[in-house]
Amino acid sequence: QVQLVESGGGLVQPGGSLRLSCAASGSFRSIRAMGWYRQAPGKQRELVATASAGSTNYVDSVLGRFTISRDNAKNTVYLQMNSLKPEDTAVYYCNADVRVYSALAYKGYWGPGTQVTVSS
């Protein structure tokens, strides 16, 4: 019913930039929050940034370097990542709280993830 597809990952040198995109498609009534999480090898998945109802939230480690934005008309969320560090290396996952037509409540959906590698 709902699909999230990420794009924009890749290999970048320390100090470089990448822009991730995530588009939601399918049949649904509305999207509430959209956000980005990441999981590095051997570590738990962690929140990176979320955007909902005009407000944004970031994990401390990316403050001032990453910017999350949404295009509600396109059901798309972006993550602009600047000044990348090797410790930003991880699989980045898109998440969205979606209400489908047959449901009364919102449910979280995940994309398959996109690899970001920061290395010289």
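Treat the numbers as computed from the prediction; the structure is a model and nothing was measured. (Residues numbered from 1 in each chain as written. Predicted model: local features only at pLDDT ≥ 70, side-chain atom pairs only at ≥ 80, totals over all residues. Heavy atoms only, no water.)

Pairing is antiparallel in the open sheet, where 4 strands are placed in the order S1-S3-S8-S7. Since the sheet does not close on itself, it has two edges, and those belong to strand S1 (2–7) and strand S7 (66–71), each with one partner. Each strand axis lies, on average, 15° off the axis of its neighbour in the sheet, ignoring direction. Bridge count between S1 and strand S3 (residues 18–26): 6 bridges; the pairing is antiparallel. For glutamate 6, the partnering residue across the bridge sits in S3 and is cysteine 22. (Pairing = 2+ DSSP bridges. Helix = DSSP H or I, 4+ residues; strand = E, 2+ residues; numbered from the N terminus. Axes fitted to C-alpha atoms, helices over the stretch in contact; angles between N-to-C directions.)

What follows covers the pattern of salt bridges. Under the counting rule described, the total for this entry stands at 3 salt bridges. Two residues, arginine 38 and glutamate 46, come together in a salt bridge whose shortest N-O distance is 2.7 Å. Given the relative accessible area of 6%, arginine 38 is considered buried. One network of salt bridges, with partners in common, ties together Arg38, Glu46, Arg65 and Asp88. (Salt bridge = Lys/Arg side-chain N within 4 Å of Asp/Glu carboxyl O. Buried < 20%, exposed > 50% of the residue type's maximum accessible area, 1.4 Å probe, protein only.)

On to the environment of aspartate 97. Of note, aspartate 97 is situated in strand S9 (residues 90–99). Separated by 40 residues in the primary sequence, aspartate 97 and asparagine 57 have C-alpha atoms spaced 15 Å apart. Excluding residues that lie within four positions of it along the chain, aspartate 97 makes contacts with Ser30, Ile31, Arg32, Ala33, Tyr106, Lys107 and Gly108. (Contact = heavy atoms within 4.5 Å.)

Next up on the list: the state of the cysteines. Here the structure, examined in full by the defined rule, presents 1 disulfide. Covalent S-S linkage joins cysteine 22 and cysteine 94, the inter-sulfur distance amounting to 2.1 Å. Its torsion about the S-S bond being -80°, the disulfide of cysteine 22 and cysteine 94 is classed as left-handed. You can see cysteine 22 sitting in strand S3 and its partner cysteine 94 sitting in strand S9, a full 72 residues away along the chain. (Disulfide = S-S within 2.5 Å.)

As a general feature of sheets, a regular strand has side chains that alternate between the two faces. Sheet topology places strand S5 (residues 46–52) next to strand S6 (residues 55–58); 4 bridges connect them, and they run antiparallel. Across the sheet, the residue bridging to alanine 51 is threonine 56, located in S6. Joining the antiparallel neighbours S5 and S6 is a turn of 2 residues, in which alanine 53 adopts a positive phi near 45°.

Here we come to the packing of aromatic side chains. This structure, assessed with the given rule, holds 2 aromatic pairs. Taking the centre distance of 5.0 Å and the plane angle of 65° together, the rings of tyrosine 37 and tryptophan 110 count as edge-to-face. In this pair, tyrosine 37 is assigned in strand S4 (residues 30–39) and tryptophan 110 in strand S10 (residues 107–110), connecting sequence segments 73 residues apart. In this structure tyrosine 37 comes out as partly exposed when scored by relative accessible area, which is 22%. (Phe/Tyr/Trp six-rings, centres within 6.5 Å; stacked < 30°, edge-to-face > 60°.)

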